[in-house]
Amino acid sequence: MWSSQPEGWREAQVMGERSTQLTVDELAALRSEIRTVLNRYAREPGERAYTGTRLALVAIPWFVLETTDSPARMGFW
């Protein structure tokens, strides 16, 4: 599907990941900031679509792992 997208749309898409250590308050703040950014671009179902728009699915799964000070015990190796 990605390769069938027009050139500009291919370059605008991204997949990536980032691991970091956060406190519960930092994770909550991050969630709030990401929601704010996504809401800035959101259009409600049935709202008039603008010429040149496409449906973009933005999925951000959140996984919180218990820190054990051992990557092997956390299941990374």
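Just so you know, the residues in each chain are numbered from 1, in the order the chain's sequence is written. The model is predicted, so local features are restricted to residues of pLDDT at least 70 and side-chain atom pairs to those at 80 or more, both for listing and for counting; the totals for chains, interfaces and linings are taken over all residues. Here the side-chain values reflect all heavy atoms present in the structure, with hydrogen atoms and water set aside.

**Q** So what about the overall build of the protein chain? Which residues, and what values?
**A** Segments assigned H or I by DSSP are reported as helices when at least four residues long, segments assigned E as strands when at least two residues long, and all are numbered from the N terminus. When helices and strands are tallied, the protein chain shows two helices and zero strands. Taken across its 77 residues, the protein chain has 3% of its residues classed as buried. Note that accessible areas follow from Shrake-Rupley with a 1.4 Å probe, and for residues the cover is restricted to the protein chains shown. For the protein chain, the computed accessible surface area is about 7900 Å², with 55% contributed by carbon and sulfur atoms. The buried label applies to any residue whose accessible area, calculated with a 1.4 Å probe on protein chains only, is under 20% of its type's maximum; exposed applies above 50%, and partly exposed to all values in between.

**Q** Describe the side chain of Q5, naming the residues involved and giving the relevant values.
**A** Mapped onto the elements, Q5 comes out in the segment before helix 1 (7-12). In the analysis that follows, any N or O atom pair within 3.5 Å is treated as a polar contact, provided that within protein one partner can donate a hydrogen and the other can accept it, and provided that, for residues neighboring in sequence, both atoms belong to side chains. Of note is the side chain of Q5, whose polar atom sits 2.5 Å from the side chain of R54. In this description, contact between two residues means that some pair of their heavy atoms is separated by no more than 4.5 Å. Excluding residues within four positions of it along the chain, Q5 makes contact with R10, Q13 and R54.

**Q** Could you give me a rundown of a nonpolar patch on the surface, with the residues and numbers involved?
**A** Candidate patch residues must exceed 30% relative accessible area and have no salt bridge, after which like charges are joined if within 9 Å and Val, Leu, Ile, Met, Phe, Trp or Tyr side chains if within 5 Å. One side-chain nitrogen of Lys or Arg within 4 Å of one carboxyl oxygen of Asp or Glu is enough to make a salt bridge. Taken together, the side chains of L22, L30, L38, V58, I60 and W62 present a nonpolar region at the surface, about 490 Å² in accessible area. With relative accessibility at 37%, the residue I60 sits in the partly exposed group.

**Q** Got a sec to walk through the environment of L30? Specific residues and values, please.
**A** Mapped onto the fold, L30 is located in helix 2 (residues 24-41). In contact with L30, other than residues within four places in its own chain, are L22 and W62.

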